[in-house]
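Here's the letter readout for the chains.
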Amino acid sequence: MFNSSDHKYIFVVGGVMSSVGKGIAAASIGKILQSKGYTVTAMKIDPYINVDAGTMNPTEHGEVFVTDDGDETDQDIGNYERFLDITIGKVNYMTTGRVYLSVIHKERNHEYAGKCVQVVPHVPQEVIRRIKEASDLAKSDFTVIEIGGTVGEYENILFIEALRMMKFENPDNVKTVMVSYLPVPGKVGEMKTKPTQHAVRALNANGVNPDFLIARSEYPLDEVRRQKLALYCNVLKDHVISAPDVETIYDIPVNFEQDDLGNKILASFGMKPAKKDLKEWRELIEKIKTVQQEVKIAVVGKYFESGQFTLADSYISVIEAIKHAAWANNVKPVITWVSAEDFERHPQTLSDLEKFDGVLVPGGFGSRGIEGKIKVIGWCREHNKPYLGLCYGMQLAAIEFARNVAGIADAHTTEIDKDTSNPVVHTMPDQIQKIAHGDMGGTMRLGAYECLITKDSVAHKAYGEQKIFERHRHRYEFNNDYKDVLAKAGLVFSGINPQTQLVEIIELPANKFHVGVQFHPEFKSRPLSPHPLFIEFIRNSLS
Ligand code: GLN
């Protein structure tokens, strides 16, 4: 029986710098605890004022991960679902904006009964209320809560204050893990612990000391540095965990286990492992490291570039889904970013696609790069190159087919040309007012919706069932006025939402795999249960 007073909370905070794998560390801690027989849920706190991640640019903030219940969250929620193989919802995600909105609403509703409403304690109390709500709903033994950003930033002080308050109230049930970075500067050639010492001091200034320190670095931690960190950071030496760079993120739970992190965490709560089993996970890692034959997939997008760097984070669920499906097909995924805009400028380079086994166009918004994407889709159709289009990738496949096969030369989407004479993709009726009024936050068609699949279609073959639920995030849809004319020209509408008749899946039986889906299957792919559509796409790419 779930008893909230026994519930255990593990906060994960960051030191020194971001992007060192705090989310993966949080997910991996959860994974290890699961493997020891405990149930786990995980939460992400984003310190932004944005109410959700839906209004943030993916090149700045990474992918917007959509939950079944239609929340636009941080990509780490995706990591939690993939690692823990659980489905989590909007209560597991909060931002500063969301917390303040609640406090202000409560104040307006007179729920503070005449009190002066203050940043402290009311804001951290709202944070704590949310953490407990998610934990109660999950009825899990543990809640792992990742506080975004790094300690010492103004932004996350109130969340650390919530952690301090929870720990003060119930020190036995609340632990803090700091994931910090230890640089090895090229010229110095030595691993430096000082930035981490400073990060711990910054956390101390907020009244919290870490119980565990995860030392992220290019290299494993040596004994000298382990001792130094323990002494200066006030953390038991046994609780300083070495976390060097690894080949695959799925290795991280196994790596942590080399330092016996799971049992140490349990012991710190006065608990023992109930079982020990990372077997399936270890088998997967073995496969990842040994598969030889390659499958080469081109992902054609635009959210890659940040200054001089390429950011794969904008498409993380797509990338992971390709990897999961490749491993399920016993091959090694080789993913190449292809910029849609390059094909616009140099259409003659389309034949470069020949070197790939399959091509994928993921979701997207706006006009940049779309003519290039349409060219790519057309090339795949003509050359029978396996093609998978996700959301925008499906809408553009419909437009490509309308233009080049059905002879509707000016077919377009109203997203780009609102007055087009052939709106093959048009604004969903309930979106018209929202767009007109600029009501853009959290208002797309979001979350899981039903789709009925036509028997004997490629989609049916992939799913093996006729009724599926997939997650969505869009404002535009295929215009059913064009259904007959495109069907006559050979396009098959193999998935339909039964409530609204909205087209969910299109495919071209003339090709070996030319499928577009209005939804985002990538959000439901997990390493140990890859997504059927991706499996089928990779299988066809190999044949
Ligand atoms: N821009 C398209 C729409 O809003 C597709 C969205 C997406 O790819 N997620 O309908």
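Our subject is the structure that appears above.
Quick summary incoming for the structure in this document.

The rules we used
- Residues numbered from 1 in each chain as written.
- Predicted model: local features only at pLDDT ≥ 70, side-chain atom pairs only at ≥ 80, totals over all residues.
- Heavy atoms only, no water.
- Phe/Tyr/Trp six-rings, centres within 6.5 Å; stacked < 30°, edge-to-face > 60°.
- Lys NZ or Arg CZ within 6 Å of the ring centre and 35° of its normal.
- Buried < 20%, exposed > 50% of the residue type's maximum accessible area, 1.4 Å probe, protein only.
- Helix = DSSP H or I, 4+ residues; strand = E, 2+ residues; numbered from the N terminus.
- Pairing = 2+ DSSP bridges.
- Salt bridge = Lys/Arg side-chain N within 4 Å of Asp/Glu carboxyl O.
- Near = heavy atom within 4 Å.
- Polar contact = N/O pair within 3.5 Å; in protein donor to acceptor, adjacent residues only side chain to side chain.
- Areas by Shrake-Rupley, 256 points an atom, 1.4 Å probe, with all protein chains shown as cover.
- Nonpolar A, V, L, I, M, F, W, Y, C, P; charged D, E, K, R; others polar.

Structural notes on the packing of aromatic side chains
In this structure the tally under the stated criterion is 10 aromatic pairs. An aromatic cluster of three or more residues is present, and its members are Phe83, Tyr250, Trp281 and Trp327. The aromatic ring of Tyr449 is capped on one face by Arg445, whose charged end is 4.1 Å from the ring centroid. In this structure, Lys483 packs its charged tip against the face of Phe493, placed 5.8 Å from the ring centre.

A word on the pairing of strand 1 (residues 8-14)
Strand residues, when the strand is regular, have side chains that alternate between the two faces of the sheet. The buried count for strand 1 comes to 7 of 7 residues, which makes it a mostly enclosed element. Of the pairings in the sheet, the one linking strand 1 to strand 7 (residues 174-181) comprises 6 bridges and is parallel in character. Bridging across to strand 7, Tyr9 finds its partner in Val174.

Re the pattern of salt bridges
Evaluation of the coordinates by the stated rule reveals 42 salt bridges. The shortest N-O distance in the salt bridge between Glu190 and Lys192 comes to 3.6 Å. On the accessibility criterion, Glu190 (29% relative accessible area) is partly exposed. Exposure remark for Lys192: the relative accessible area of 32% places this residue in the partly exposed category. Within this structure, Lys22, Lys44, Asp46, Asp74, Asp76 and Glu146 form a network of salt bridges that share partners.

Considerations on the sheet that holds strand 17 (residues 423-427)
Strand order in the open sheet formed by 3 strands is 16-17-20, with mixed pairing between adjacent strands. Each end of this open sheet is capped by a strand with a single partner; those strands are strand 16 (412-413) and strand 20 (476-478). As defined by bridge partners, strand 16 adjoins strand 17 across 2 bridges and the pair is classed as parallel. Following the sheet pairing, His412 is matched in strand 17 by Pro423.

Considerations on the site of the ligand
Taken together, Gly363, Gly364, Phe365, Cys391, Tyr392, Gln395, Glu415, Arg473, His474, Arg475, Tyr476 and His520 are the residues near the ligand. At 3.1 Å, a side-chain N or O of Gln395 approaches an oxygen atom of the ligand. At 2.9 Å from an oxygen atom of the ligand is found a main-chain nitrogen or oxygen belonging to Tyr476. Here the ligand, which alone exposes 290 Å², has 98% of that area covered by the protein. Counting residues per element, the ones that place at least two in the shell around the ligand are helix 15 (392-404) and strand 19 (467-474). Considered class by class, the residues forming the shell around the ligand number 4 nonpolar, 5 polar and 3 charged.

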